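In case you want the letters, here they are:
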Amino acid sequence: MLWDRPETYGVANKRIDVRTRKSAFNSRPGIGPALKAVIETVRAPHLIVSFNDEGYLSRDQLVEMLSVRGPVQVIEIPRPRYVGARIGIHNPRGEKVGTVGRLRNVEYLFVVSEGAASLAA
């Protein structure tokens, strides 16, 4: 977060400089090393990471990465996919141009604690 009120573009008001200032977290080859560095660097007794089953990293990769901090507990939360997955099969003129894929995701909450932590079911 830069808090610098940048010029933006598009409906989502994305920063113009995202075209040249790329994030490692939005890159398949970059996210693993970037997230690993955060996990190893952050100083907190508890760490909660939210990631869904459509991300660049798998559940198993995240558990392995987080295990350096302690035992990892995973909570799985079924969620509907974003609206574009349901209505994005039409072009701007309303013509059908694709087929609906899966309509649900699984959101994973990875919880890692230095000491024993008990999560409610």
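For the structure itself, look to the data block above.
Residues numbered from 1 in each chain as written. Predicted model: local features only at pLDDT ≥ 70, side-chain atom pairs only at ≥ 80, totals over all residues. Heavy atoms only, no water.

**A word on the overall build of the chain**
Point 1. Summing up its helical and strand segments, the chain has three helices and five strands in all.
Point 2. In the chain, the succession of helices and strands from N to C terminus is β-β-α-β-α-β-α-β.
Point 3. For a compact globule of 121 residues, the expected C-alpha radius of gyration is about 14 Å, and the chain comes in at 18 Å, more than 25% above that figure.
Point 4. Along the first, second and third principal axes, the C-alpha atoms of the chain reach 55 × 35 × 25 Å.
Point 5. Long-range contacts, defined here as pairs at least 24 residues apart, represent 63% of the contacts in the chain between residues at least 6 apart.
Point 6. Element-wise, carbon and sulfur atoms account for 56% of the exposed surface of the chain, whose accessible area totals about 9,000 Å².
Point 7. Of note, the chain has its 18 positive side-chain charges centred 5 Å away from the centre of its 12 negative side-chain charges. (Helix = DSSP H or I, 4+ residues; strand = E, 2+ residues; numbered from the N terminus. Rg over C-alpha atoms; globule rule 2.2 N^0.38 Å. Contact = heavy atoms within 4.5 Å. Areas by Shrake-Rupley, 256 points an atom, 1.4 Å probe, with all protein chains shown as cover. Lys, Arg positive; Asp, Glu negative; His and termini not counted. Charge placed at Lys NZ, Arg CZ, Asp CG, Glu CD.)

**Some points on the packing of aromatic side chains**
Point 1. The tally for this structure, following the rule as stated, stands at one aromatic pair.
Point 2. Relative to Phe110, the ring of Tyr108 lies with its centre 5.8 Å away and its plane at 50°, an arrangement referred to as tilted. In this structure, Tyr108 and Phe110 share a single accessibility class: buried.
Point 3. Its end group placed over the ring of Tyr9, Arg19 keeps NZ or CZ at 3.9 Å from the ring centre. (Phe/Tyr/Trp six-rings, centres within 6.5 Å; stacked < 30°, edge-to-face > 60°. Buried < 20%, exposed > 50% of the residue type's maximum accessible area, 1.4 Å probe, protein only. Lys NZ or Arg CZ within 6 Å of the ring centre and 35° of its normal.)

**Some points on the side chain of Arg69**
Point 1. Looking at the secondary structure, you find Arg69 in the loop between α2 (59-66) and β4 (72-80).
Point 2. There is no salt bridge for the buried Arg69, and the closest opposite charge comes from Glu114, which lies 4.4 Å off by N-O distance.
Point 3. Here the side chain of Arg69 touches Ile39 through a polar contact of 2.8 Å, landing on its backbone oxygen.
Point 4. Reaching out from Arg69, the side chain makes a polar contact with the backbone oxygen of Ala44 at a distance of 2.7 Å. (Salt bridge = Lys/Arg side-chain N within 4 Å of Asp/Glu carboxyl O. Polar contact = N/O pair within 3.5 Å; in protein donor to acceptor, adjacent residues only side chain to side chain.)

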